[in-house]
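Reading the structure
So you can see what is in the structure, the chains are spelled out below.
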Amino acid sequence: MASSTSHSKSATASVPESTSDNPPPQVFRETLESLAVAFILALLFKSFVADAFIIPTGSMAPTLMGAHKDIQCHECGYQYQSGASEEFDNSTGLRQDVQVIETICPLCRKRQNVEPEKDNNHVTFSGDRILVSKLAYDLGSPKRWQVIVFKLIETARQNYIKRCVGLPGETIKIQHGDIYIKNPKDPEGLSTIETDGFRIARKPHSVVLATLQDVADTKHISKSIAEGTLADYWQDASGQASPKWQTSIKPNIGNRASKYDWIASVKDVPKNTTSMIRFSQRIADRNTTKQNPQDDFRFISDLTAYNEKTFRTPAGRDDRLSIDGARWVGDLASEYELSTTKGTESIELLLVEGGVEFLCQIDLGNGNATAIANYQGNPISVFESNNGLVDKLQATTRVRSGSTHTVRFANVDDALRLWIDGRPIAWGIDGGYSIGSVVADYRHVPRTTPENPLDAAPVGFGIRGGSATIQRARVFRDIFYTNAAFGGIVSSRYDQPVNIRDTKDPYRTAIGNTPENYSFDGNEYPLGPDDYFPMGDNTQASSDARLWASHGQPGRLMIGRAVMVFWPHYWYYGRIPFIPNFQRFGLIR
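Residues numbered from 1 in each chain as written. Predicted model: local features only at pLDDT ≥ 70, side-chain atom pairs only at ≥ 80, totals over all residues. Heavy atoms only, no water.

Observations regarding the side chain of Asn538
Rules: A helix here means a DSSP run of H or I that spans at least four residues, while a strand means a run of E at least two residues long, and both kinds are numbered starting from the N terminus. In the analysis that follows, any N or O atom pair within 3.5 Å is treated as a polar contact, provided that within protein one partner can donate a hydrogen and the other can accept it, and provided that, for residues neighboring in sequence, both atoms belong to side chains. Any two residues having at least one pair of non-hydrogen atoms within 4.5 Å are treated as being in contact.
Note that Asn538 resides in the loop between strand S33 (531–535) and strand S34 (553–554). Separated by 2.7 Å, the side chains of Asn538 and Asn307 make a polar contact. With sequence-adjacent residues up to four places away left out, Asn538 is seen in contact with Gly58, Ser59, Met60, Ala61, Thr304, Tyr306 and Asn307.

Quick notes on unusual backbone geometry
Leaving glycine out, the prevailing phi sign among residues is negative, and the prevailing peptide bond configuration is trans. Between Ala61 and the following residue, Pro62, the backbone shows a cis peptide bond with an omega angle of 5°. Inspection of the secondary structure puts Pro62 in the loop between strand S1 (50–54) and strand S2 (68–72). Its identity is not glycine, yet Asp196 carries a phi of approximately 55°, on the positive side. Turning to its location among the elements, Asp196 is positioned in the loop between strand S10 (178–182) and strand S11 (198–200). The phi torsion at Asp421 lies on the positive side, around 50°, for a residue other than glycine. Summarising the element assignment, Asp421 is placed in the loop between strand S28 (416–420) and strand S29 (423–425).

Side note on the packing of aromatic side chains
Describing an aromatic ring pair means giving the distance of the ring centres and the angle of the ring planes. As a reminder of what qualifies: Two aromatic rings, drawn from Phe, Tyr or Trp (for Trp, its six-membered ring), form a pair once their centres lie within 6.5 Å of each other, and the interplanar angle then sorts them: stacked below 30 degrees, edge-to-face above 60, tilted otherwise. Under the scheme applied here, a residue whose accessible area is under 20% of the maximum for its type counts as buried, over 50% as exposed, and between as partly exposed, the area being computed with a 1.4 Å probe on protein chains only.
By the definition in use, this model includes 13 aromatic pairs. Consider the rings of Phe150 and Tyr160, whose centres lie 6.1 Å apart with planes at 20°: the pair is stacked. Separated by 10 residues along the polypeptide, Phe150 in strand S7 (residues 147–151) and Tyr160 in strand S8 (residues 159–166) bring together distant segments of the chain. Here the two residues Phe150 and Tyr160 agree in accessibility, since each one is buried. Ring geometry for Tyr375 and Tyr442: centres 5.8 Å apart, planes at 80°, overall edge-to-face. Residue Tyr375 is located in strand S22 (residues 368–375), and its partner Tyr442 is located in the loop between S29 and strand S30 (459–464); the two are separated by 67 residues in the primary sequence. By relative accessible area, which is 11% here, Tyr375 ends up buried.

Considering the confidence of the model for the protein
The condition is simple: pLDDT gives the predictor's per-residue confidence on a scale running from 0 to 100.
Across the protein, the average pLDDT comes to 83, with 81% of residues at 70 or higher. The low-confidence segment residues 1–20 (pLDDT under 50) makes one contact with residues lying over four places distant or belonging to another chain. Low pLDDT (under 50) marks residues 485–520, which in the prediction has 97 contacts with non-local residues, meaning those over four places away or in another chain.

Here we look at the pairing of S28
Basically, it comes down to this: Here, strands pair whenever DSSP counts at least two bridges between them.
Across the five residues of S28, five count as buried, placing the element largely inside the fold. Burial along S28 is two-sided: the residues Leu416, Leu418 and Ile420 and Arg417 and Trp419 are all buried. Inspection of the sheet shows strand S27 (residues 404–411) paired to S28 by five bridges, in the antiparallel sense. What sits directly across from Val407, in S28, is Ile420. With antiparallel pairing between neighbouring strands as the criterion, S27 and S28 make up a hairpin whose turn holds four residues, including Asp413 at a positive phi of roughly 60°. As judged from the three bridges shared by S28 and S29, these two strands associate in the antiparallel manner. Each residue of the ladder has a partner; that of Ile420, found in S29, is Arg423. From the end of S28 to the start of S29, which pair antiparallel, there are two residues, and Asp421 there has a positive phi angle of about 50°.

Here you go:
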């Protein structure tokens, strides 16, 4: 026992003691090695896999924001962004003696003062922080409609971010606000119908949803409408049918974002009879408090509120703010949050473009959706199919009577799109159509008549045989691509809206800044065998391939594909600072 005890003590004594004051040398070495490996991996990741960028300008708004102001309209509560990159020097990034002091709400068109000394959220926020995959174009090549990052061929130093519109070897044409392709490298998403060798390029569903811009939203009713000085955008259009649609607007006390509750409803519409409510764009005359006539309207234009602002400069006030756009936009979309009573026959969705009425009827008994097109009161066979042009589009949906749904109907890029509760519905060949192939000498201009408002009330919703309630209605417009980033006639005078200009002179494909200098045919841009054609989503304020000396952007200067917004700017909530703007997180479409 003694010997055993003695051996135990000896073994215990022979074990070296370690304290926190004297860590073994290998711990330091392993820590340094780990840091070195992490640093090298980070460099490799940044150099070859992915990198982070900050968006400096608003050329990709509203998809991606550059330096900007976040504004909440005091009239209707709508939250929107206004560009502020002019406050910084383009070459150095340093602040200039320029300040955005006034913007305009894109919905109600009321001017909004920018007062950062009173509202912390009126400060100028930096652009979106995005993650760019460099590996994407090492393993493949840019696809049409992807958002790409590249070095501009004219400098090969500055990074640019735009949307890829054209591919190598193609010829691009911009006409009527849309993109047309000749000699396509990739025919996916293009129309099956050619005109002079060109086929319209159609954006995928995800890109359509990402680029639609708000025109009206009943969640954001203006004070002018609520008090009756401006007629409600939505008016009954049932004609001789009865009963009529009724709208209700009630104050929503204490809610800054949605100041009024708006609801539209119709009850007990007879069978085989349709009651319709239609939307007309109206803008309040800020020079009077008198009620505007109900039949007063404006065609929907390409106004981009992000670009409309007033500056304070060393030379004084610089007002560049307009309440109307320069060009009529016919590519529209509507969305309804609605409920129907049990037994209601069907709902009808209406969109009008250039005098052509597109009507989608959804049978609430079986969910079948059918879309047709009418021109001058007659049905026309314009929809693309594998057997030529046909007279209708058909699909099956889950919509039934006695239920609540969110339904979105869009007419974008000469194609009808339908979403039910956020899910796209497939029909035809991407829902595509061609008016020019059927209507001889068709001119793509807005139309209205005393008998039919057509483009003056281009959005409508109807109920056939039953009752329904619309809790929320929204109207959107598509991007209107222009041939030139700057130029065109813009009138902010109330008595000279875009209505008058475009019915007399369809100034939609302007290539200069005088009425005499325009083109009905659109500009063409041929690309070389390795060239791409990038354009900004904010087409009126983007320096891109349309304006560069060499319209094509070589593939060898591609950096990568923009993947996601990973850290938008912060918000101030009361006294709590630095709360991330979580609604801006997400994949880039």
